[in-house]
Amino acid sequence: MKSDIRVCTAWKSEHARPVYTLDNTCPDCGAEAVNSVPAPFSPEDSYGEYRRSLKRRSRE
Ligand SMILES: [Zn+2]
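For every chain, the first residue of its written sequence is number 1, and the numbers climb from 1 along that sequence. Given that the model is predicted, a residue must reach a pLDDT of at least 70 before its local features are reported, and side-chain atom pairs must reach 80 or more before they are shown or counted; all residues, however, enter totals for whole chains, interfaces and linings.

Enquirer: Tell me about the overall build of the protein, and name the residues and values.
Expert: Helix and strand content of the protein: 2 helices and 3 strands. Residues are called buried when their C-beta atom has 20 or more other C-beta atoms within 10 Å, exposed when it has 12 or fewer, and partly exposed otherwise; all C-beta atoms are positioned from the backbone. Put simply, the protein has 60 residues, and 10% of those count as buried. Secondary structure is summarised from DSSP: a helix means a run of H or I of at least four residues, a strand means a run of E of at least two, and numbering begins at the N terminus for each.

Enquirer: Run through the sheet that holds strand S3 (residues 33-35), naming residues and quoting values.
Expert: Pairing between strands is defined by DSSP: at least two bridges between them are needed. Sheet architecture is open: 3 strands sit in the order S2-S1-S3, paired in antiparallel fashion. The open sheet has two free edges, formed respectively by strand S2 (20-21) and S3, since each of these has just one partner strand. Of the strand pairs in this sheet, strand S1 (residues 6-8) and S3 are connected by 3 bridges, and their pairing is antiparallel. Bridge pairing links Cys8 to Ala33 in S3.

Enquirer: Break down the environment of Val34 for me, citing the residues and quoting the values.
Expert: Relative to the assigned elements, Val34 resides in strand S3. The exposure class of Val34 is partly exposed, given the 13 C-beta atoms found within 10 Å. Here the alpha-carbon distance between Val34 and Ile5, two residues 29 residues apart in the chain, equals 8.3 Å. Look past the residues within four positions of Val34 in its chain and what remains in contact with it is Arg6, Val7 and Thr9. Once C-beta atoms are placed from the backbone, any two residues with those atoms within 7 Å are in contact.

Enquirer: So what's going on with the environment of Thr21? Residues and values would help.
Expert: Its place among the elements puts Thr21 in strand S2. Considering only alpha carbons, one finds Thr21 and Ala33, 12 residues apart in sequence, at a separation of 7.4 Å. If we skip the residues at most four places from it in the chain, Thr21 touches Arg6, Cys8, Cys26, Pro27 and Ala33.

Encoded structure:
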């Protein structure tokens, strides 16, 4: 069973959180919705945060 969940490509500017839909476009803002999860926006942010929390952990 495949999941056809798509996510609004403009969620970072249009929404407070990722908007998921089964359609080709976001039901809220009408922007393109793409299959699969991670937003092409700034993966560095979350990775950075992830890394920082890892660092913090290893130091404690
Ligand atoms: Zn949207």
